[in-house]
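# Observations on the model geometry
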Amino acid sequence: MPYSQFNIDRVKQDFHLSTVEGVRFFPDSIEPITPSFRLQGILDDLPRAIL
């Protein structure tokens, strides 16, 4: 299918797919974790890396 003819309704029909909307992807019960020292350092330096 050429990109110009692509649309989500056609893909859902051709591949027998369905979508679920209005439902949270992640459950509420996921506990936050503290990033490692190394990851925190990488994240802190990120703004300088993308300039």
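Nothing here was measured: the structure is a model prediction, and the numbers come from that model.

What follows deals with the overall build of the protein chain. Looking only at helices and strands, the protein chain features two helices and zero strands. Dimensions of the protein chain, computed from the C-alpha atoms along their principal axes, are close to 45 × 35 × 15 Å. The buried share of the protein chain, taken over its 51 residues, is 2%. Accessible surface computed for the protein chain: about 5500 Å², of which carbon and sulfur atoms make up 61%.

All right, on to the pattern of salt bridges then. The final tally for this structure, using the stated rule, is two salt bridges. Arg-10 serves as the salt-bridge partner of Asp-14, at 3.1 Å between the closest nitrogen and oxygen. Taken as a pair, Asp-14 and Arg-10 lie in helix 1 (residues 8–14) at a separation of four residues, close to a single helical turn. Overall, the relative accessible area of 38% leaves Asp-14 in the partly exposed class. Look at Arg-10 and you get partly exposed, because its relative accessible area is 35%. Residue Arg-24 is joined to Asp-28 by a salt bridge in which the shortest nitrogen-to-oxygen separation is 2.9 Å. Here Arg-24 matches Asp-28 in class, with each residue exposed.

Right, let's get into the packing of aromatic side chains. Tallying each qualifying case throughout the model produces one aromatic pair. With a centroid separation of 6.3 Å and an interplanar angle of 5°, the aromatic rings of Tyr-3 and Phe-6 are classed as stacked.

The rules we used
Residues numbered from 1 in each chain as written. Predicted model: local features only at pLDDT ≥ 70, side-chain atom pairs only at ≥ 80, totals over all residues. Heavy atoms only, no water. Helix = DSSP H or I, 4+ residues; strand = E, 2+ residues; numbered from the N terminus. Buried < 20%, exposed > 50% of the residue type's maximum accessible area, 1.4 Å probe, protein only. Areas by Shrake-Rupley, 256 points an atom, 1.4 Å probe, with all protein chains shown as cover. Salt bridge = Lys/Arg side-chain N within 4 Å of Asp/Glu carboxyl O. Phe/Tyr/Trp six-rings, centres within 6.5 Å; stacked < 30°, edge-to-face > 60°.

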